[in-house]
Amino acid sequence: MIKVQVPATSANMGPGFDTLGVALSFYNTMEVEETDKDVVVEVSGEKPQMLVNPKHHLIVETIDKLFQLAGTERKGLHLTCDNAIPFARGLGSSSAAIVSGLYGANALLQNAFSEADLIKIATEIEGHPDNVVPAICGGFTVACQEDSSVRYVKCSVPKQIVAVVAIPDFKLSTAKARAVLPQDVPMKDAVFNMSRAAMLVAAALQQDFHLWGKMMEDKLHQPYRFPLIPGADEVIANAKEAGAISCVLSGAGPTMIAWGTEDKSCAVAEGMKQGFAAAEISCETMVLTVDNQGAVILP
Ligand code: HSE
């Protein structure tokens, strides 16, 4: 039996739309074994209906895709999924499912595919690389699609840098959050984002994580998405007031993520909670660090 652990992820990091991402210290696990029967899927934890039906199961579809690419027929499957990552909240649940399937299938295929192969395949399935790359590599990642391949660079983030996530009690699909984005953006907004994203990456490479946190302003996606997320402005204001270096949308939202240091994390979490509460939305908060390991096969 193969057991895979995949971290939650937060994409965009403010200015790095579809490019930057980070792996976070909470995880989905999946056990998979080949059987002589049909496909059986057991799910515990987060359990949306579409993840329980073996006929339309993202992990099963992903396993099938890898076997197909390997030109190998698979047997039956028994999957046991323990999902901690909430669904449709901007914390990479679909990427975690895709990466679980690819890692499980690759282990069953005696590691026929390299990490770069798996990143390329995962990006094709997900549509953009900014969640799947940190889910696979861990750390803070920069990714860029180039024709049919994906270039990526990983940078580890020290444990002293803490992320507070506030996960509101409603779902927002990535499709809906992408549908509100404009087709074209003003040049000055593009330059604004380009300068912050470049500085953010430079700061990470210099291990200046205070500057890294400061460079998370964005004009390309958040302003268009905030109307879909009641309380977002107040969550950001409260998080900064409580000592966060920055507070941005996690991926396409609706989760908000604030970056800072451990000593301020309780106050930041409380401020974020009150920001959502002012819009009559309840939320769960978690204090996390960056997972620098990425997806692993557990012993
Ligand atoms: N970069 C993506 C977006 C992440 O913001 O739409 C969500 O999957």
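Residues numbered from 1 in each chain as written. Predicted model: local features only at pLDDT ≥ 70, side-chain atom pairs only at ≥ 80, totals over all residues. Heavy atoms only, no water.

**As for the site of the ligand**
Moving on, step 1. Around the ligand, the structure places Ala11, Asn12, Phe17, Asp18, His128, Asp130, Asn131, Thr174, Arg178, Arg225 and Ala252.
Moving on, step 2. For the ligand, a nitrogen atom lies 2.6 Å from a polar atom in the side chain of Asp130.
Moving on, step 3. Within the contact set of the ligand, an oxygen atom lies 3.4 Å away from a side-chain nitrogen or oxygen of Asn131.
Moving on, step 4. Considering the ligand on its own, with 260 Å² of exposed area, one finds that the protein chains cover 96% of that surface.
Moving on, step 5. Tallied by class, the residues present in the shell around the ligand amount to three nonpolar, four polar and four charged.
Moving on, step 6. A domain-level breakdown of the shell around the ligand finds at least three residues from each of domain 1 (2-156) and domain 2 (161-289). (Near = heavy atom within 4 Å. Polar contact = N/O pair within 3.5 Å; in protein donor to acceptor, adjacent residues only side chain to side chain. Areas by Shrake-Rupley, 256 points an atom, 1.4 Å probe, with all protein chains shown as cover. Nonpolar A, V, L, I, M, F, W, Y, C, P; charged D, E, K, R; others polar. Domains from an automatic or database assignment.)

**What to know about the domain arrangement of the chain**
Moving on, step 1. For the chain, the domain assignment lists domain 1 (2-156) and domain 2 (161-289).
Moving on, step 2. Here the C-alpha centre of domain 2 lies 24 Å away from the C-alpha centre of domain 1.
Moving on, step 3. Across the contact, 26 residues belong to domain 1 and 40 residues belong to domain 2.
Moving on, step 4. Between domain 1 and domain 2 lies a buried interface of about 2,300 Å² when both sides are counted; carbon and sulfur atoms form 65% of it.
Moving on, step 5. On the surface where domain 1 and domain 2 come into contact, there are one salt bridge.
Moving on, step 6. A salt bridge links Arg178 to Asp18, with the nearest nitrogen and oxygen atoms 2.7 Å apart.
Moving on, step 7. Inspection of the domain 1/domain 2 interface yields 13 residue pairs in polar contact (both at pLDDT 80 or more).
Moving on, step 8. Among the elements that take part in the side of domain 1 that touches domain 2, strand S2 (residues 20-35) stands out by supplying six residues, more than any other. (Contact = heavy atoms within 4.5 Å. Buried area = accessible area lost by both parts, 1.4 Å probe. Salt bridge = Lys/Arg side-chain N within 4 Å of Asp/Glu carboxyl O. Helix = DSSP H or I, 4+ residues; strand = E, 2+ residues; numbered from the N terminus.)

**Observations concerning the packing of helix H1 (residues 58-70) against helix H2 (residues 93-108)**
Moving on, step 1. Two numbers describe how H1 lies on H2: the axes approach to 8 Å, and their chain directions differ by 40°. When the interaxial angle is binned, H1 and H2 end up oblique. Classified by chirality, the crossing of H2 by H1 is right-handed. Side by side, H1 and H2 meet where Leu58, Ile59, Thr62, Ile63, Leu66 and Phe67 of the first sit next to Ser94, Ala97, Ile98, Ser100, Gly101, Leu102, Ala105, Asn106 and Leu108 of the second.
Moving on, step 2. In terms of residue class, the contact of H1 with H2 is made up of ten nonpolar, five polar and no charged. (Axes fitted to C-alpha atoms, helices over the stretch in contact; angles between N-to-C directions. Parallel < 35°, antiparallel > 145°, perpendicular 65-115°, else oblique. Left-handed = near helix turned anticlockwise from the far one by under 90°.)

**A look at the pattern of salt bridges**
Moving on, step 1. Evaluation of the coordinates by the stated rule reveals seven salt bridges.
Moving on, step 2. Among the ionic pairs, Asp189 bridges to Lys188, the shortest N-O distance being 3.8 Å.
Moving on, step 3. Classification of Asp189 by relative accessible area gives buried; the value is 10%.
Moving on, step 4. The exposure class assigned to Lys188 is exposed, which follows from its relative accessible area of 63%. (Buried < 20%, exposed > 50% of the residue type's maximum accessible area, 1.4 Å probe, protein only.)

**Topic: the environment of Gly271**
Moving on, step 1. Looking at the secondary structure, you find Gly271 in helix H10 (residues 265-278).
Moving on, step 2. Judged by its relative accessible area of 9%, Gly271 is buried.
Moving on, step 3. Here the alpha-carbon distance between Gly271 and Ala237, two residues 34 residues apart in the chain, equals 8.5 Å.

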